[in-house]
Amino acid sequence: ITVLDLDGMRMRDFVGECVEYVRRCSEFTGQHFPERAGFVFVINVPAWFAMIWNVVKPMVDEVTLKKINILRGKNEIFEALLEKIPIENIPPEYGGQSVPLGESPEEHLLRDLMHHNNALANGDHSCGGRAASPPCRFCS
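Presented here is an overview of the structure given in this document. What you are looking at is a predicted structure, and each value in this text was computed from that prediction instead of being measured.

**Re the nonpolar core**
Among the nonpolar cores identified, the biggest contains 10 residues, and these are Phe41, Ile43, Leu71, Ile77, Phe78, Ala80, Leu81, Ile85, Ile90 and Tyr94. Mapped by element, the contributors of at least two residues to this core are strand S2 (40-43) and helix H4 (74-84). Take this core: its biggest share by element is four residues, from H4. In contact with Leu81, not counting residues within four places along its chain, are Val3, Phe41, Ile90 and Tyr94.

**A word on the packing of aromatic side chains**
The full count for this structure, using the stated rule, is one aromatic pair. Ring geometry for Phe49 versus Trp53: centroids 6.2 Å apart, planes at 15°, classification stacked. With Phe49 and Trp53 both in helix H2 (residues 49-56) and four residues apart, the pair spans about one turn of that helix. Neither residue differs from the other here; Phe49 and Trp53 are each classed as buried.

**Thoughts on a nonpolar patch on the surface**
Taken together, Ile1, Val3 and Phe39 make up a surface patch of nonpolar side chains, about 240 Å² in accessible area. A relative accessible area of 34% means that Val3 is categorised as partly exposed.

**Looking at the pattern of salt bridges**
A complete count under the given rule lists one salt bridge for this structure. Asp112 is paired through a salt bridge with Arg137; the nearest N and O atoms lie 2.6 Å apart. Taken together, the residues Asp112 in helix H5 (residues 105-121) and Arg137 in the segment after H5 connect sequence positions 25 residues apart. Judged by relative accessible area, which is 32%, Asp112 ranks as partly exposed.

**Describing the sheet that holds strand S3 (residues 68-71)**
The strand order S1-S2-S3 describes an open sheet built from three strands, whose pairing is parallel. The outermost strands of the open sheet, each flanked by one partner alone, are strand S1 (2-5) and S3. On average, each strand axis in the sheet is tilted by 15° relative to the strand beside it, whichever way the strands run.

Criteria and thresholds
- Residues numbered from 1 in each chain as written.
- Predicted model: local features only at pLDDT ≥ 70, side-chain atom pairs only at ≥ 80, totals over all residues.
- Heavy atoms only, no water.
- Core = buried A, V, L, I, M, F, W, Y, C linked by side-chain atoms within 4.5 Å.
- Buried < 20%, exposed > 50% of the residue type's maximum accessible area, 1.4 Å probe, protein only.
- Helix = DSSP H or I, 4+ residues; strand = E, 2+ residues; numbered from the N terminus.
- Contact = heavy atoms within 4.5 Å.
- Phe/Tyr/Trp six-rings, centres within 6.5 Å; stacked < 30°, edge-to-face > 60°.
- Patch = residues over 30% accessible without salt bridge, like charges linked within 9 Å, V, L, I, M, F, W, Y side chains within 5 Å.
- Areas by Shrake-Rupley, 256 points an atom, 1.4 Å probe, with all protein chains shown as cover.
- Salt bridge = Lys/Arg side-chain N within 4 Å of Asp/Glu carboxyl O.
- Pairing = 2+ DSSP bridges.
- Axes fitted to C-alpha atoms, helices over the stretch in contact; angles between N-to-C directions.

Listed below in structure tokens is the structure:
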């Protein structure tokens, strides 16, 4: 299940690098993970999205089109998610009971790893690496 939240996206955001990124992601997932999408929820779509969707839709195969749900409004979003996802796995931002977006232990660990790797890339080896006591959790 993929949830794409377009809240706050403006039409001018959907140009250049953003469009190229979406195109490359679609191409990559199509080549490496064909037919892996069970359901795709595109939520909080802005009013102008219909114009973009009408251009993109003909390029999407029918099997994939049946998996895409475009949703607006808190109730519509919550009800659609609840049909496919247990309430304890839906973030509270969407009416569920899981941890807030960005606050899961996995997201914190990924954030810490990114900070660590960026520090190393910038020459900051203050983590001490494997030789530190205790050893760096990312270097060991």
